[in-house]
Every structure is written in C-alpha cells, then in structure tokens.
Amino acid sequence: MAVEKKLVLLVDDNPTNLKVGINVLEDHYDVATAPSAAKMFSLLENIHPAMILLDIDMPVMTGYDAIKILKEKPETKDIPVIFVTARIDSDDELEGLSLGAIDYITKPFQPSLLLKRIEVHLLVEAQRKVLERQTVELKYFNENLQEMVREKTQGVLDLQNALLKTMADMVECRDDITGGHITRTQQGIKIILEELEKSSIYSEEINGWDVDLLLQSCQLHDVGKISINDNILKKTEKLNDEEFELMKKHASYGEGIIEKIQTLAKESDFLKYAKIFAANHHEKWDGSGYPRGLKGYDIPLLGRVMAIVDVYDALISERPYKKAFTHEEAVRIITEGSGKHFDPALVEVFNTRAEQFRKPMSH
C-alpha cells in the first residue's frame, strides 16, 4: 500500500525557482506552487499543506508580511514555515525566525540539504502534534481520574454486593422455613455494631472494619445450608440427634464454599467477613459450640456478635416444631447465656439496645 505523500506549498515570485523546487520535491512530496503571497492565501482557502516554503523578497507583499498574517489566522498559524531566500545576512535570518519561521535556508540551496531539513522539520512537527494530543489526553485523564476511579470502584462494589445478595437469596429459597432470617439478622448485626462503636467496646478490634461490606457479608452466614439435604433442611419436625449432627456441618460447609470462591476468583478480601460469619456463628463462649469448639476470645468477634443475633431471631421465630418466644423471653434467655453461650461484654451491649431489636426484627 502506497504511503500518502505530504503536501508542501512552494511560494516564490520567480518561475525558475518554482520549477527547480518542484524538480527537487516532487519525488518525495505533493507540491503546490504560488507565485505571490496573495496567491498563496487564495490557495490556503482550499488546501492545508504540511509545510510552506516561503520566499522573502516578493513584490506587493514580502515573506515577512505574509508570515505575520499566517500566524494571526487560526486556520494557518500552526503550519510550519521555512524561509527560502537569497538573503545571507544573519540579521535577516534572525528576523525571519523571530516572526515564527522554523528554519531559514539560503538560495541557491543543495537539493539533498533542503530535503533533509524538510524531513526533519516534518518529523518534529508530527512529534509535536502527538505530544500536544497526549498532553490534552493526560490533562483530561488527570481531571477525570478521581471520577474514573470512583466509577470503577462502585462497579466492583456493585458486583460484589450482587454476588453476596444472590448467594443469600439462594440460601433463603432453600430454607424457606426460616423466611426473613437473613434480613433480620443483618438488621441485628447493624444494631450491635452501632452500639460497639458508640461504647468503644472492642474499639481496637473493630477499627478499620468496612461496615458496609461487613453488613452485606453477614447475609452469607448460613450459606453452608446449600449443601444440606432437603430431607433435613426442610423437615417440619424437630431434628433427631443424627440429623442435627448433619445440620451442624453447615458451618464447615459454608466456610468451604467461600474458600472455594476465593480460590477460583483469586480474590479473598471482599469475602473475608463472610467466611468469618459462616465458620464461627455457632461457636460458644464456653467452648461447647461447633464446628471447632473454639472458646472465649479464640472465637472471632464477628462470630460472637452473630451468635447473639442468630439465636435471638431463632427464639422469636415460629417454627413447625415450636412456638415463637416473646421478645422479653428471648432477652432473658440470651442474658442467662452470658459467659456460657455468649460473650458477656456483647450480652451487655445487646441488653443496652434490646428494645431496638423488638422493632426492626419483629415479624
């Protein structure tokens, strides 16, 4: 494929000089000629050359006068101009360059030198345009970087939240007996976290928590129930000992499901809270919980918080095999479990906000 030649406009009142210029340039460039500055301006209404070779000593309008007009017009001010003249005085050269010319070549010129200087200046001009475009793009990028980062971050957060919500909905659909449990426990977690922040209890541990992500993540505390057989999960009678042992495996299953997602996605950070909730919400302060039988402060704080909220909702919820406890009865049972099932400090936090649990978590 032939490379398109750049257009060079040669302006000189001497026909011989124009002919010589054409002979030198035509193998390398498309050449347009003008015998005067007036004719040049007429041509520039229809063409936009890559460069103008401009004679200085012309009648009516000199090259010096012509370049002043060229540089004043928005449509021609960026066209590079080389003066080609018989003048050899250094003051003349300085004047030409000060008016905006990029070079000053004396006649008679050597064809190879003229071609090389044109080539170099066109290359410089091309690089200048690239740099100018990149500068504009960089300025735009810098001005919009914060918004771009915000949009990208929000996109990632939206995707994460959609994944968490979808997985939570899958659990809720399978375990329809506990309908609304996920939403209510999420509300309860929020109440406890607000009081922890207000009271400065466990302040060092909760410092730096991403509360928004944490509240989304707590929806997956029962995600392991996806792996529990329907005969057990949907049983309307109380589970026997063997069935209960199988049901208890949902904590380990949940941890495993989340770990698998983390491995496949090669991204672990946004599911870190979900993993803690899933694995630890059935551990008990006295070590009698499951799946690992952790005790006291060995149980992650989020697991200890969810233990209270999870049990409260289970107590006030009606099941086919039991009636719902009243709010007061549920609060009493949790209080009695302080130091045995539950973290004593968190039980105090729960009692401080217990009345608030009644409204958000009511049915």
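Values in this document were obtained by computation on a predicted structure and should not be read as measured data.

**Q** Could you give me a rundown of the packing of helix H12 (residues 272-280) against helix H13 (residues 301-316), with the residues and numbers involved?
**A** It is the contact of H12 with H13, at a shortest axis distance of 8 Å, that shows an interaxial angle of 55°. Between H12 and H13, the angle is such that the two are oblique. In the packing of H12 onto H13, the handedness of the crossing is right-handed. Two secondary-structure elements touch here, H12 through Tyr273, Ile276, Phe277 and Asn280 and H13 through Leu302, Gly303 and Met306. Counted by class, the contact of H12 with H13 contains five nonpolar, two polar and no charged residues.

**Q** Describe in detail H13, supporting the description with residues and values.
**A** With 16 residues, H13 extends 23 Å between its outermost C-alpha atoms, agreeing within 8% with the 22 Å of an ideal straight helix rising 1.5 Å per residue. Most of H13 sits out of view: 15 of its 16 residues are buried.

**Q** Run through unusual backbone geometry, naming residues and quoting values.
**A** Of note, the bond from lysine 107 into proline 108 is cis; its omega dihedral lies within 30 degrees of zero at -5°. Residue position: proline 108 is located in the loop between strand E5 (103-106) and helix H5 (111-174). A cis amide bond links tyrosine 290 to the next residue, proline 291, at an omega of 10°. Structurally, proline 291 can be placed in the loop between H12 and H13. Even without glycine at this site, valine 60 takes up a positive phi of about 70°. Relative to the assigned elements, valine 60 resides in the loop between strand E3 (51-54) and helix H3 (63-72). According to the relative accessible area criterion, valine 60 is exposed, its value standing at 92%. A positive phi angle, close to 65°, is found at serine 200, a residue other than glycine. Locating serine 200 in the fold gives a position in the loop between helix H6 (181-199) and helix H7 (203-206).

**Q** Can you break down the sheet that holds strand E1 (residues 7-11) residue by residue, with the values?
**A** Spatially, E2-E1-E3-E4-E5 is the arrangement adopted by the five strands of the open sheet, whose pairing is parallel. Each having just a single partner strand, strand E2 (30-34) and E5 make up the two edges of the open sheet. Geometrically, the sheet is characterised by an average inter-axis angle of 20° between neighbouring strands, direction not taken into account. Along the sheet face, helix H1 (residues 15-25) touches E1, E2 and E3 and points at about 160° away from the line of E1.

**Q** Quick one: what's the story with the packing of aromatic side chains, residue by residue and with numbers?
**A** Overall, the coordinates contain eight aromatic pairs when judged by the stated rule. Ring centres 5.5 Å apart and planes at 90° place the aromatic pair tyrosine 64 and phenylalanine 83 in the edge-to-face group. Within this pair, whereas tyrosine 64 is found in helix H3, its partner phenylalanine 83 is found in strand E4 (residues 81-85), the two being separated by 19 residues in sequence. Given a relative accessible area of 0%, phenylalanine 83 falls into the buried group. Relative to phenylalanine 357, the ring of tyrosine 312 has its centre 5.3 Å away and its plane inclined at 75°; by these criteria the two rings are edge-to-face. Linking tyrosine 312 in helix H13 with phenylalanine 357 in helix H16 (residues 354-358), this pair joins segments that are 45 residues apart in sequence.

**Q** So, the nonpolar core: which residues are in play, and what are the values?
**A** Residues Ile189, Leu196 and Phe350 are the most contacted members of the largest nonpolar core, which totals 44 residues. For this core, the secondary-structure elements that each account for two or more residues are H5, H6, helix H8 (211-217), H12, H13, helix H14 (327-336), helix H15 (344-352) and H16. For this core, the element with the most residues is H13, which contributes 11 residues. In this structure isoleucine 189 touches Leu214, Leu215, Cys218, Phe277, Val305, Met306 and Val309, once residues within four positions along its chain are discounted. One finds Phe41, Ile67, Leu70 and Phe83 within the second-largest nonpolar core, a separate group that totals 21 residues.

Each value, and the rule that gives it
Residues numbered from 1 in each chain as written. Predicted model: local features only at pLDDT ≥ 70, side-chain atom pairs only at ≥ 80, totals over all residues. Heavy atoms only, no water. Axes fitted to C-alpha atoms, helices over the stretch in contact; angles between N-to-C directions. Helix = DSSP H or I, 4+ residues; strand = E, 2+ residues; numbered from the N terminus. Parallel < 35°, antiparallel > 145°, perpendicular 65-115°, else oblique. Left-handed = near helix turned anticlockwise from the far one by under 90°. Contact = heavy atoms within 4.5 Å. Nonpolar A, V, L, I, M, F, W, Y, C, P; charged D, E, K, R; others polar. Expected span 1.5 Å × (residues − 1). Buried < 20%, exposed > 50% of the residue type's maximum accessible area, 1.4 Å probe, protein only. Pairing = 2+ DSSP bridges. Phe/Tyr/Trp six-rings, centres within 6.5 Å; stacked < 30°, edge-to-face > 60°. Core = buried A, V, L, I, M, F, W, Y, C linked by side-chain atoms within 4.5 Å.

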